[in-house]
Amino acid sequence: MLMRRLEVFLGSFIVVCLVCLGFMVFNDTIPVSSKDSEQEQVKAKELEQETAPEEPVISDQADEVVVTETEETAKSKSVDAENHIVCIDAGHQQKANMTKEPIGPGSSKKKPKVAGGTRGVKSGLMEYQLALDISLKLQEELESRGYTVVMVRTTNDVDISNSERAAIANEAGADAFVKIHADGSDISSVHGASALCQTADNPYNGNLHDESYALSECVLDGVVSATGCKKRQIIETDGMTGINWSKVPTTIIEVGYLTNKDEDAKLNTDEYQTKIAQGIADGIEAYYQR
Ligand SMILES: [Zn+2]
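These numbers come from a predicted model, not from an experiment. (Residues numbered from 1 in each chain as written. Predicted model: local features only at pLDDT ≥ 70, side-chain atom pairs only at ≥ 80, totals over all residues.)

Any chance you could break down the nonpolar core for me, citing the residues and the numbers?
Counting residues in each nonpolar core, the largest one holds 48 residues, and the members touching the most others are Val86, Val178, Val219, Ile253 and Ile280. If you list the elements that add at least two residues to this core, you get β1 (85-90), α4 (127-144), α5 (162-172), β5 (176-183), β6 (193-197), α6 (209-227), β8 (250-257) and α9 (270-289). The element best represented in this core is α4, accounting for seven residues. (Core = buried A, V, L, I, M, F, W, Y, C linked by C-beta atoms within 7 Å. Buried ≥ 20, exposed ≤ 12 C-beta atoms within 10 Å, placed from the backbone. Helix = DSSP H or I, 4+ residues; strand = E, 2+ residues; numbered from the N terminus.)

In structure tokens:
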């Protein structure tokens, strides 16, 4: 009797277990109706949207990139390089031309067409060579920034008078005429950079004084800033043929003293010449940006 009860109990237990097992299997494979499943998916999607900050961040970054590009474009557009023509005159030439020409339109006062320049006290570097080296570097720098450049000369073996050099700038429609020179002095300790332009009372082109002075100041500051050389002065003079014949804003930049042995040594290096060219280009750009 006891055995019979035990059998019934065990039988019932097995049945119950089988039912339970079946239910568990069934519950795992088909847990919810398809409608419930859709709701779950919608909920999951909503949750994903709420907790997914990546998308707005990426969009912010994209906006920042666009803003940066706009600012850069605006900066280069404010310089408007493509609408500017710079005329570069590498001072002097291989052979001086001592034939005289009027120092200004209609002037009875005359000066040599092209005087001989100074030379490196230690290096022997000729001013006309230094002027050309810097001028070619300046041309490359300005063209890389988008400016149109007109060169008075690209070789030393030329014969172009100072009034003819101004005529080249005038005919090119240049809005800046930059004449590259180096200085000399009997006093060997004198060093540093200067710039020259006409006075406001210049009888030929005094109306250009303000623009020429501003150009001189910008270019001189550019050279001093780029090289760390001594800033000397802006000289206002009406005795320079190359300035007096010009009909556009003009500066003569004296990049340093070849008669000072330390400055001579610097001026004779490619690195220092490149700094000068970059400084002049920065100055021209600053002049246009005023
Ligand atoms: Zn000179």
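Tell me about unusual backbone geometry, residues and numbers included.
Negative phi characterises most residues that are not glycine, and trans characterises most peptide bonds. One non-glycine residue, His92, lies in positive phi territory at about 65°. With respect to the helices and strands, His92 occurs in the loop between β1 and β2 (97-102).

Please give an account of the sheet that holds β8 that cites residues and values.
Read across the open sheet, the six strands follow the order β4-β1-β5-β8-β6-β7; overall the sheet is mixed. Where the open sheet ends on each side, the last strands, each with one partner, are β4 (148-151) and β7 (231-236). When strand polarity is set aside, the average angle formed by the axes of neighbouring strands in this sheet is 20°. As paired elements, β6 and β8 share three bridges and run antiparallel to each other. When the sheet's bridge partners are listed, Ala195 is paired in β8 with Ile253. Contacting β5, β6, β7 and β8, α6 runs over the sheet at an angle of about 170° to β6. Contacts from α9 reach β1, β5 and β8 within the one sheet, and its direction differs from that of β5 by about 145°. (Pairing = 2+ DSSP bridges. Axes fitted to C-alpha atoms, helices over the stretch in contact; angles between N-to-C directions. Contact = placed C-beta atoms within 7 Å.)

Which residues make up the packing of α4 against α9, and what values go with them?
Where α4 contacts α9, the axes come no closer than 8 Å and their chain directions differ by 50°. Looking at the two axes, α4 sits oblique to α9. Between α4 and α9 lies a crossing whose hand is right-handed. Within the contact between the two elements, α4 uses Asp133, Ile134, Lys137, Leu138, Glu141 and Leu142 and α9 uses Gln273, Thr274, Ile276, Ala277, Gln278, Ile280, Ala281 and Ile284. Of the residues assigned to the contact of α4 with α9, the class counts are eight nonpolar, three polar and three charged. (Parallel < 35°, antiparallel > 145°, perpendicular 65-115°, else oblique. Left-handed = near helix turned anticlockwise from the far one by under 90°. Nonpolar A, V, L, I, M, F, W, Y, C, P; charged D, E, K, R; others polar.)

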